[in-house]
Amino acid sequence: MQTILVINAGSSSLKCTLFRTGQLQEKSIYRFKFSNLLLKPHLSIVDENGLDRVTKQPDFASVPKTERHHAALDLVLSWLNTHASQYKLTAFGHRIVHGGRQFNAPQILSKSDIAHLKELIPLAPLHQPYNLLLIDCCKKLAPNLPQIACFDTMFHHTQMDLERHYALPRQYTEAGIQRYGFHGLSYEYITHQLGQITPEACHIKTVICHLGAGSSMCAISQGKSIASSMGFTAVDGLPMGTRCGNIDPGVILYLQRHYNLDCDALEHLIYSESGWLGVSGESSDMLSLKRSQSTSAQEAIDMYAYRIALELGRLAAALGGLEQLVFTGGVGENDADLRQNIIERSRWLGIHLDEDANVLNASVISNKHSAIPVRVIATNEEAMIAHHVTEIIGD
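Residues numbered from 1 in each chain as written. Predicted model: local features only at pLDDT ≥ 70, side-chain atom pairs only at ≥ 80, totals over all residues. Heavy atoms only, no water.

**Quick word on the layout of surface pockets**
Next, step 1: Its volume calculated, the largest pocket comes out at about 1500 Å³.
Next, step 2: If you trace the largest pocket, you find 49 residues lining it, with Lys-15, Lys-33, Gly-212, Ala-213 and Gly-214 closest to the centre.
Next, step 3: Those elements that place two or more of their residues in the lining of the largest pocket are strand S1 (2-9), strand S2 (14-20), strand S3 (30-35), strand S4 (42-47), helix H8 (263-272), helix H10 (286-291), helix H12 (329-334) and helix H15 (381-393).
Next, step 4: By volume, the second largest pocket amounts to about 750 Å³.
Next, step 5: Contributing to the lining of the second largest pocket are 22 residues, with Phe-232, Thr-233, Val-235, Ile-252 and Ile-270 lying nearest its centre.
Next, step 6: Elements with a minimum of two residues in the lining of the second largest pocket: helix H7 (249-258) and H8.
Next, step 7: The dominant element in the lining of the second largest pocket, judged by the number of residues it contributes, is H8, at five residues. (1 Å grid on protein atoms, 1.4 Å probe; cavity = no way out; pocket = protein on both sides within 12 Å on 5 of 7 lines; lining within 4 Å. Points joined across faces, edges and corners; volume = space filled by probe spheres on them. Helix = DSSP H or I, 4+ residues; strand = E, 2+ residues; numbered from the N terminus.)

Shown next, in the form of structure tokens:
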């Protein structure tokens with residue numbers, strides 16, 4: 001049976017999912033997840049029935065941190081060769097966070113493409129280096145297999161210039177300094193799932209909230225991206241686990257001048273020390289914040305909900321109305337309290353919650369009095385990547 005291995009890398013994590021070719025599906029054959037790669041790595045392998053096949057701590061103590069993603073991928077391929085030899089691996093699919101202006105569709109990457117994507121590393125420092133590192137690892141481990149890159153920015157290429165352009169001198173805009181938007185593979189997948197509910201559901205004016213340690217929101221009409229909360233980089237928009245979200249650029253200048261922070265220190269501050277972690281002073285994990293009794297932890301939660309509600313108003317304006325709201329992502333799919341907090345702040349839009357359905361994380365959590373449906377849909381970026389790879393290489 002022919003299969004595709006989809007690879008999604010973070011700075012200290014690696015997710016690999018084995019898919020059958022030829023169909024967009026939520027259930028995969030095997031899902032591999034490495035966490036905490038740079039400290040004490042943990043591996044879990046789950047099969048298509050949701051059963052744990054492996055859960056262990058691989059011994060990477062002797063492996064340099066710079067080579068641990070490579071070692072993790074090597075372990076995945078070795079496990080498949082031993083335990084799943086009936087499946088023939090035909091291609092790799094990669095998630096690339098930033099595609100810039102050049103990459104607006106999935107494609108097989110050339111050496112010059114890789115070089116161009118490396119130039120975008122400063123715009124997505126938490127992900128882009130590791131996305132590209134895994135492409136290089138795959139070439140070394142399986143040099144004869146095609147590798148198809150899918151970009152988180154490509155879904156947003158349909159946005160008009162008024163949404164994408166900053167009020168900067170045109171020379172900078174023409175050089176590529178503009179809003180790009182991210183989490184596009186998630187939004188594309190949710191849009192596809194809406195079309196499975198009813199033909200109309202993927203065409204009406206919809207805002208999707210992709211909520212988790214990395215968070216963004218997107219306005220979609222006729223199945224196309226109209227506007228999004230993230231901009232030039234993935235640090236913009238909502239406050240996230242460790243990212244600050246929207247910030248007055250004057251604050252950055254002030255920090256630079258009065259606290260003597262250089263570019264590296266500022267980058268670390270806004271990407272790794274801010275957001276829920278910075279406000280709470282405790283944690284970048286939403287469950288930990290909810291368990292905390294501190295007022296700072298509660299402020300981090302309320303600020304998050306408040307900014308989401310504000311962004312919902314902006315995106316509704318971009319759409320010229322709102323006909324549907326969707327929650328997705330790890331927090332969006334599972335945190336009933338946060339969804340209630342957001343919807344209570346958005347009642348001016350005529351949104352009303354079914355509290356029982358919300359607690360159950362039901363597929364529809366609005367009640368019969370709500371002006372629009374509010375849905376909860378699990379995202380699956382890896383399945384979207386597998387679908388694109390199949391389209392390129394054929395069944």
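**Side note on helix H2 (residues 111-118)**
Next, step 1: Where H2 is concerned, the buried positions are Asp-113, Ile-114 and Leu-117. Here the buried residues of H2 occupy an arc of 100° about the axis, which is enough to place them on one side. The exposed residues of H2 that point more than 90 degrees off its buried face are Lys-111 and Ser-112.
Next, step 2: At its buried positions, H2 is contacted by strand S6 (88-96), strand S7 (107-108), helix H3 (128-141) and strand S8 (147-151). (Buried < 20%, exposed > 50% of the residue type's maximum accessible area, 1.4 Å probe, protein only. Arc of directions from axis to C-beta. Contact = heavy atoms within 4.5 Å.)

**Some remarks on unusual backbone geometry**
Next, step 1: In this model, Asn-36 sits at a positive phi of 55°, which is unusual for a non-glycine residue.
Next, step 2: Of note, Asn-36 is situated in the loop between S3 and S4.
Next, step 3: We note that Asn-361 has phi near 55°; this positive angle belongs to a residue other than glycine.
Next, step 4: If you trace the backbone, Asn-361 turns up in the loop between helix H14 (355-359) and strand S13 (374-376).
Next, step 5: The partly exposed category is assigned to Asn-361, whose relative accessible area is 30%.

**Some words on the pairing of strand S10 (residues 216-221)**
Next, step 1: Counting buried positions over the six residues of S10 gives six, a clear majority of the element.
Next, step 2: Neither face of S10 is exposed, since Ser-216, Cys-218 and Ile-220 on one face and Met-217, Ala-219 and Ser-221 on the opposite face are all buried.
Next, step 3: The sheet contact formed by strand S9 (residues 206-210) and S10 spans five bridges and is antiparallel. Each residue of the ladder has a partner; that of Cys-209, found in S10, is Met-217.
Next, step 4: Taking the residues that link successive antiparallel strands as the turn, the S9-S10 hairpin has five residues.
Next, step 5: Here four bridges tie S10 to strand S11 (residues 224-228), and the two strands are oriented antiparallel to one another. Residue pairing in the sheet places Ile-220 in a bridge with Ser-225 of S11.
Next, step 6: Where S10 hands over to S11, the hairpin turn is made up of two residues, of which Gln-222 adopts a positive phi near 55°. (Pairing = 2+ DSSP bridges.)

**Considerations on the nonpolar core**
Next, step 1: One finds Ile-96, Leu-109, Leu-117, Phe-151, Ile-190 and Leu-194 to be the most contacted residues of the largest nonpolar core, which totals 36 residues.
Next, step 2: Ignoring any residue separated from it by four or fewer positions in sequence, one finds Ile-96 in contact with Leu-117, Gln-128, Asn-131, Leu-132, Ile-135, Ala-149, Cys-150, Phe-151 and Asp-152.
Next, step 3: Membership of the second largest hydrophobic core comes to 33 residues, among which are Leu-289, Ala-305, Phe-327 and Ile-365. (Core = buried A, V, L, I, M, F, W, Y, C linked by side-chain atoms within 4.5 Å.)

**Brief notes about the sheet that holds strand S5 (residues 52-56)**
Next, step 1: Spatially, eight strands are ordered S5-S4-S3-S2-S1-S6-S8-S7 in an open sheet, and the strand pairing comes out mixed. Of all the strands in the sheet, just S5 and S7 have a single pairing partner and so form its edges.
Next, step 2: Across five bridges, the pairing between S6 and S8 is parallel. Its bridge partner being in S8, Arg-95 is matched across the sheet by Cys-150.
Next, step 3: Packed onto the sheet, H3 meets S1, S2, S6 and S8 and runs at close to 160° relative to S6. (Axes fitted to C-alpha atoms, helices over the stretch in contact; angles between N-to-C directions.)

**Describing the side chain of Thr-191**
Next, step 1: Relative to the helices and strands, Thr-191 resides in helix H6 (residues 184-197).
Next, step 2: Take Thr-191: its relative accessible area is 9%, and that puts it in the buried class.
Next, step 3: A polar contact of 2.8 Å, which involves the side chain of Thr-191, links it to the backbone oxygen of Tyr-187.
Next, step 4: Apart from residues lying up to four places away in sequence, Thr-191 is in contact with Phe-155, Cys-202, Ile-208, Ile-220 and Gly-223. (Polar contact = N/O pair within 3.5 Å; in protein donor to acceptor, adjacent residues only side chain to side chain.)

**Here we look at helix H13 (residues 336-344)**
Next, step 1: When we look at burial in H13, the residues that qualify are Ala-336, Leu-338, Arg-339, Asn-341, Ile-342 and Ile-343.
Next, step 2: Where the residues of H13 are buried, they touch helix H11 (295-319), strand S12 (324-328), H12, H14 and S13.

**Here's the deal with the pairing of S5**
Side-chain positions along a regular strand alternate between the two faces of the sheet.
Next, step 1: Of the pairings in the sheet, the one linking S4 to S5 comprises four bridges and is antiparallel in character. Within S5, the position partnered with Leu-43 by the bridge is Lys-56.
Next, step 2: Hairpin connection of S4 to S5: four residues between the antiparallel strands, including Gly-50 at a positive phi of 80°.

**Section: the packing of aromatic side chains**
Next, step 1: For the coordinates displayed, the defined rule picks out eight aromatic pairs.
Next, step 2: With centroids separated by 6.4 Å and ring planes inclined at 50°, the aromatic side chains of Tyr-30 and Phe-32 adopt a geometry described as tilted. No difference in accessibility class separates Tyr-30 from Phe-32, as the two residues are buried.
Next, step 3: Considering the side-chain rings of Tyr-180 and Phe-232, the 6.2 Å spacing of their centres and the 35° angle between planes classify their relative orientation as tilted. Pair noted here: Tyr-180 is in the loop between helix H5 (170-174) and H6 and Phe-232 is in the loop between S11 and H7, with a separation of 52 residues, a long-range link.
Next, step 4: Owing to a relative accessible area of 4%, Tyr-180 belongs among the buried residues under this scheme.
Next, step 5: When its relative accessible area of 23% is taken as the criterion, Phe-232 is described as partly exposed.
Next, step 6: A connected cluster of aromatic rings, assembled from ring pairs, spans Tyr-30, Phe-32 and Trp-79. (Phe/Tyr/Trp six-rings, centres within 6.5 Å; stacked < 30°, edge-to-face > 60°.)

Distances and angles like these do not, on their own, reveal function.
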